[in-house]
Amino acid sequence: MIRFRLGNNGSIISTVRKTSSGKVPRWLGLFFIMMGLIAVTISYNNYKDSKELQQHGVQTEAVVTDVRRSESHSRKGHRSVTYYPTVQYTDQAGNTHTVESNSGVSSRTRYQKGRSVQVLYMPNKPDCMEIVGLADPTSNFIAIAVGGVFVVVGGWIALFMRRNKEEVAPEADNTDI
């Protein structure tokens, strides 16, 4: 966009404003940063909880009481099914707890109703448990890495791909009209 204005000495001064076509809006960078930070935070907390269970958890036997099926579809029509087992176990104090696992599997036969499994639970938070061998710490590291990439890309977008309009003022034309 070109704007014309009258200069102090009566000359015409043109100002060229570049349009934002081809530029990425700053809010998109901030959105990427926010999503990346959320992914990193959640994944790190999951990793920390899992590590704490590994170090301080109590292992006991549990029985699978239910298996919840979760189905999702991709845009290309591919179907993905994940099964989340619910287990029942008794803690050291003799209290019974029934908890659904946060981790799922793609094979229903791995965890069938009535099957015995080993679980780790926190004595001070008995509902905080994980099935031994089900949680994969690698997925937390992958999610942290992807979240980190989102933060870096978002920062790059927010800092270097600004949508702000830049003004370029050519030398004033001193010819009188």
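Source: prediction; values computed, not measured. (Residues numbered from 1 in each chain as written. Predicted model: local features only at pLDDT ≥ 70, side-chain atom pairs only at ≥ 80, totals over all residues. Heavy atoms only, no water.)

S.K.: What's the story with the sheet that holds strand β4 (residues 79–90) in this structure? I'm lost.
M.R.: Backbone-to-backbone hydrogen bonds pair the strands of a sheet. The strands run either parallel or antiparallel. As summarised here, the arrangement of the 5 strands in space is β5-β4-β3-β6-β7, forming an open sheet in which the pairing is antiparallel. The two strands at the open ends of the sheet, each matched to only one other strand, are β5 (96–100) and β7 (125–131). Between one strand and the next, the sheet's axes are offset by a mean angle of 40 degrees, whatever the strand orientation. Summarising the sheet, strand β3 (residues 58–73) and strand β6 (residues 116–122) pair through 6 bridges and their orientation is antiparallel. Looking at β6, one finds that Ala62 is bridged to Val117. With respect to the sheet, helix α1 (residues 26–56) is in contact with β3, β6 and β7, its orientation differing from that of β6 by roughly 100 degrees. (Pairing = 2+ DSSP bridges. Helix = DSSP H or I, 4+ residues; strand = E, 2+ residues; numbered from the N terminus. Axes fitted to C-alpha atoms, helices over the stretch in contact; angles between N-to-C directions. Contact = heavy atoms within 4.5 Å.)

S.K.: Teacher, can you tell me more about α1 here?
M.R.: Since the α-helix turns once every 3.6 residues, residues separated by three or four places project in the same direction. Taking 1.5 Å per residue as the helical rise, α1 with its 31 residues ought to reach 45 Å, and the 45 Å between its terminal C-alpha atoms agrees with that figure. In this fold, the buried residues of α1 make contact with β6, β7 and α2 (137–160). (Expected span 1.5 Å × (residues − 1).)

S.K.: What is the right way to look at α2 in this model?
M.R.: When the terminal C-alpha atoms of α2 are compared, their 35 Å separation across 24 residues agrees well with the 34 Å that a helix rising 1.5 Å per residue should span. Buried residues of α2: Asn140, Gly147, Gly154, Gly155, Ile157 and Ala158, and no others. Buried residues along α2 sit against α1. (Buried < 20%, exposed > 50% of the residue type's maximum accessible area, 1.4 Å probe, protein only.)

S.K.: Would you mind showing me how to read the side chain of His97 here?
M.R.: Within the secondary structure, His97 sits in strand β5. Judged by its relative accessible area of 13%, His97 is buried. Side chain to side chain, His97 and Asp91 meet in a polar contact 2.8 Å long. Ignoring any residue separated from it by four or fewer positions in sequence, one finds His97 in contact with Val87, Gln88, Tyr89, Asp91, Pro126 and Asp127. (Polar contact = N/O pair within 3.5 Å; in protein donor to acceptor, adjacent residues only side chain to side chain.)

S.K.: Whenever I open this one, the pattern of salt bridges confuses me. Can you help?
M.R.: Any two side chains of opposite charge can pair, given that their charged atoms come close. Under the definition given, this model contains 4 salt bridges. The closest approach of N and O atoms between Arg68 and Glu100, which form a salt bridge, is 2.9 Å. Residue Arg68 is located in strand β3, and its partner Glu100 is located in strand β5; the two are separated by 32 residues in the primary sequence. Its relative accessible area of 37% is what places Arg68 among the partly exposed residues. Ionic pairing is found between Arg69 and Glu71, a salt bridge with its closest N-O pair at 3.1 Å. Judged by relative accessible area, Arg69 falls into the partly exposed class, the value being 42%. Through salt bridges with shared partners, one network takes in Arg69, Glu71 and Arg79. (Salt bridge = Lys/Arg side-chain N within 4 Å of Asp/Glu carboxyl O.)

S.K.: Explanation requested: the nonpolar core in the structure shown.
M.R.: A general tendency of soluble globular proteins is for nonpolar side chains to be buried together. Judged by nonpolar contacts, the single largest core of 17 residues is most densely connected at Val87, Tyr89, Tyr111, Val117, Val119, Met129 and Ile131. Elements with a minimum of two residues in this core: β3, β4, β6 and β7. Every residue in contact with Val87, bar those within four places of it in the chain, is listed here: Ala62, Val63, Val64, Thr65, His97, Thr98, Val99, Val117, Val119, Met129 and Ile131. (Core = buried A, V, L, I, M, F, W, Y, C linked by side-chain atoms within 4.5 Å.)

S.K.: Mind showing me how you'd approach the pairing of β6 here?
M.R.: Each regular strand shows side chains that alternate between the opposite faces of the sheet. Counting buried positions over the 7 residues of β6 gives 5, a clear majority of the element. As defined by bridge partners, β6 adjoins β7 across 4 bridges and the pair is classed as antiparallel. Paired with Tyr121 across the bridge in β7 is Met129. If you look at the hairpin formed by β6 and β7, you'll find 2 residues sitting between the two strands.

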